[in-house]
Each structure stands twice: as C-alpha cells, then as structure tokens.
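Structure at a glance
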Amino acid sequence: MNNKKLNLLFGIISFLGLISCDRPKCDNNNLFFENYLPDSKIYKDELVKQLNKIDNEKLTYWLQKYEEQNGEESLYFHIQGDGLCAILHLNMDDWGKLENIRKRKGVGRRGAEFTNLKFEIIKDSVSTKFIYKTFDRLID
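So, here is what we can say about the structure in this document. (Residues numbered from 1 in each chain as written. Predicted model: local features only at pLDDT ≥ 70, side-chain atom pairs only at ≥ 80, totals over all residues. Heavy atoms only, no water.)

**With respect to the pairing of strand β1 (residues 60–69)**
What counts here: For two strands to be treated as a pair, DSSP must find at least two bridges joining them. Only DSSP runs of H or I covering at least 4 residues are called helices, and only runs of E covering at least 2 are called strands; the numbering of each starts at the N terminus.
Sheet topology places β1 next to strand β2 (residues 72–81); nine bridges connect them, and they run antiparallel. Residue pairing for β2: E67 is matched across the bridge by S74. Two successive antiparallel strands, β1 and β2, enclose a turn made up of two residues, where N70 displays a positive phi of approximately 55°. The pairing of β1 with strand β4 (residues 113–115) spans two bridges and is antiparallel. From the neighbouring strand, Y61 faces β4, where its bridge partner is F114.

**Notes on the sheet that holds strand β6 (residues 128–134)**
Definition in use: Between the N-to-C directions of two axes lies an angle of 0 to 180 degrees, each axis being a line fitted to C-alpha atoms and, for a helix, fitted only over the stretch in contact.
Reading across from one edge, β5-β6-β3-β2-β1-β4-β7 is the order of the seven strands in this open sheet, with mixed pairing throughout. Each end of this open sheet is capped by a strand with a single partner; those strands are β5 (118–123) and β7 (137–139). With direction set aside, neighbouring strand axes in the sheet form an average angle of 40°. Pairing of β5 with β6 involves six bridges; the strand directions are antiparallel. What sits directly across from I121, in β6, is F130.

**Structural notes on unusual backbone geometry**
Excluding glycine, residues mostly carry a negative phi; peptide bonds, for their part, are mostly trans. The line we're drawing: For every residue, the accessible area obtained with a 1.4 Å probe (protein chains only) is divided by the maximum for its type, and the residue is called buried under 20%, exposed over 50%, and partly exposed between those limits.
With a phi angle near 55°, N70 is a residue other than glycine that sits in the positive phi range. Turning to its location among the elements, N70 is positioned in the loop between β1 and β2. Of the residues examined, N70 reaches a relative accessible area of 78% and is grouped as exposed. Unusually for a residue other than glycine, N116 sits at a positive phi of about 55°. Relative to the assigned elements, N116 resides in the loop between β4 and β5. We classify N116 as partly exposed; its relative accessible area is 36%.

What follows is the structure, encoded as structure tokens:
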C-alpha cells in the first residue's frame, strides 16, 4: 500500500515538473509581430523599438529553432516579458558556449530557457541584425 502511494506521489511530482519547465504562454498585441516574419527588416526594427522601452532584466528567452540558410547560421528565440511577445532572429557569428547546439542543429535544446542572453544590435537603412554575444545559463 505504501509503495502505491509513493509511486502515485512520484508520478504527480514528475508530471508537475514536466509542465513547469515549459515556456509560459504569452499573448501578442503588436500587429508588426503578427503580420511580418521574424527575419524581415520591419519586424526587427519594431523589435528594436520595443526592446528600447523594456527593462531587459524582465525578459526571458526560449530557444525555438536552429536554421542554416545561404551559409549563415542563426537561432530563433521566443522573447517575452513586460508585455513583449515576439521572436528574436539571432545571427550566430561566434558559437562559443553553444557549439553543442550547433553540432546538433538545436535538437535536444528546443524549448530551453536562456538566462541573461546578450546580443548586439546592428541597424542601418538596409538591414537590422541581432548578433549573439553570450548568455549566463541554459535551463533545460
């Protein structure tokens, strides 16, 4: 009898652990983020505008996918917090601590949270790029 209760308790704790690791739902209220693709200049310019209004410490980043296109590698992140709900298209010039993600093309890390993700914004009249710099911790 005690064994059954212990197994039930373990099952409940395991289930709660699985659902608590998922990215929180966010609702997007910005038409730019609804109507344009995350790798378009207009989307990125709007994201820059929104990032300038928000306390970066309130943002969370969740890996969505790895992509290689025309010889360039990038990662896409769900970025959310303080009313922001968008996708960050991050150019990867230096993989550093993320080489394992690169080798596996993001498989096994999708949905992982990255704390204190740092990137540089390079913007001109032709393009807007978010260039990966570093992060503190990966929570899988």
